[in-house]
Amino acid sequence: EGIAIARGEGEDGYLVVSSQGDSAYAVYRLSDYSYAGRFYVADGDATDGTTETDGIAISLANLGPAFPEGLMVVQDGMTPAGTQNFKLIDWRRIRAALGLD
């Protein structure tokens, strides 16, 4: 229930696909469709991680001081309160976690 393209310049960029079975996200390079890695959105101090993703979107635009290189928005299908919400993830953190250049 989630697929998004993080488009860079030219043929550069990444395809990000949610994995419903384990609440993870697989990342593939657009240039050659090679596997770039996998990540999870884990629990943090201010919010819970993602479970049962219901959708994702990515923008690599400068969206201000909090997201200068873009962000990924995840519609989280389940929270401890039993409701859905959205997680905003700094694209820099995803790149750093996967060692993407």
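Not measured: the values here are computed from a predicted model. (Residues numbered from 1 in each chain as written. Predicted model: local features only at pLDDT ≥ 70, side-chain atom pairs only at ≥ 80, totals over all residues. Heavy atoms only, no water.)

Colleague: Which residues make up the pairing of strand S2 (residues 13-19), and what values do they have?
Modeller: Sheet topology note: the strand S1 (residues 3-7)/S2 ladder contains five bridges and is antiparallel. Counted as the bridge partner of isoleucine 3 is valine 17 from S2. Pairing analysis gives six bridges linking S2 to strand S3 (residues 24-29), with the strands arranged antiparallel. Among the inter-strand pairings, serine 19 is bridged to a residue of S3, identified as alanine 24. (Pairing = 2+ DSSP bridges. Helix = DSSP H or I, 4+ residues; strand = E, 2+ residues; numbered from the N terminus.)

Colleague: Run through the nonpolar core, naming residues and quoting values.
Modeller: Counting 18 residues, the largest nonpolar core has Val16, Tyr25, Phe39 and Met72 as its most contacted members. For this core, the secondary structure elements donating two or more residues are S1, S2, S3, strand S4 (35-40), strand S5 (55-59), strand S6 (71-76) and helix H1 (91-98). It is H1 that contributes the most residues to this core, three residues altogether. Apart from the residues within four sequence positions on either side, methionine 72 is in contact with Val16, Tyr25, Phe39, Ile56, Ala57, Ile58, Lys87, Leu88, Ile89 and Ile94. (Core = buried A, V, L, I, M, F, W, Y, C linked by side-chain atoms within 4.5 Å. Buried < 20%, exposed > 50% of the residue type's maximum accessible area, 1.4 Å probe, protein only. Contact = heavy atoms within 4.5 Å.)

Colleague: Describe the environment of tyrosine 25, and please don't skip the residues or the numbers.
Modeller: You can see tyrosine 25 is positioned in strand S3. Here tyrosine 25 falls in the buried class, since its relative accessible area comes to 0%. Measuring from C-alpha to C-alpha, the distance between tyrosine 25 and asparagine 62 comes to 23 Å, with 37 residues separating the pair along the chain. The contacts of tyrosine 25, once residues within four sequence positions are left out, are Val16, Val17, Ser18, Gly37, Arg38, Phe39, Val41, Thr50, Thr53, Ile56, Met72 and Val74.

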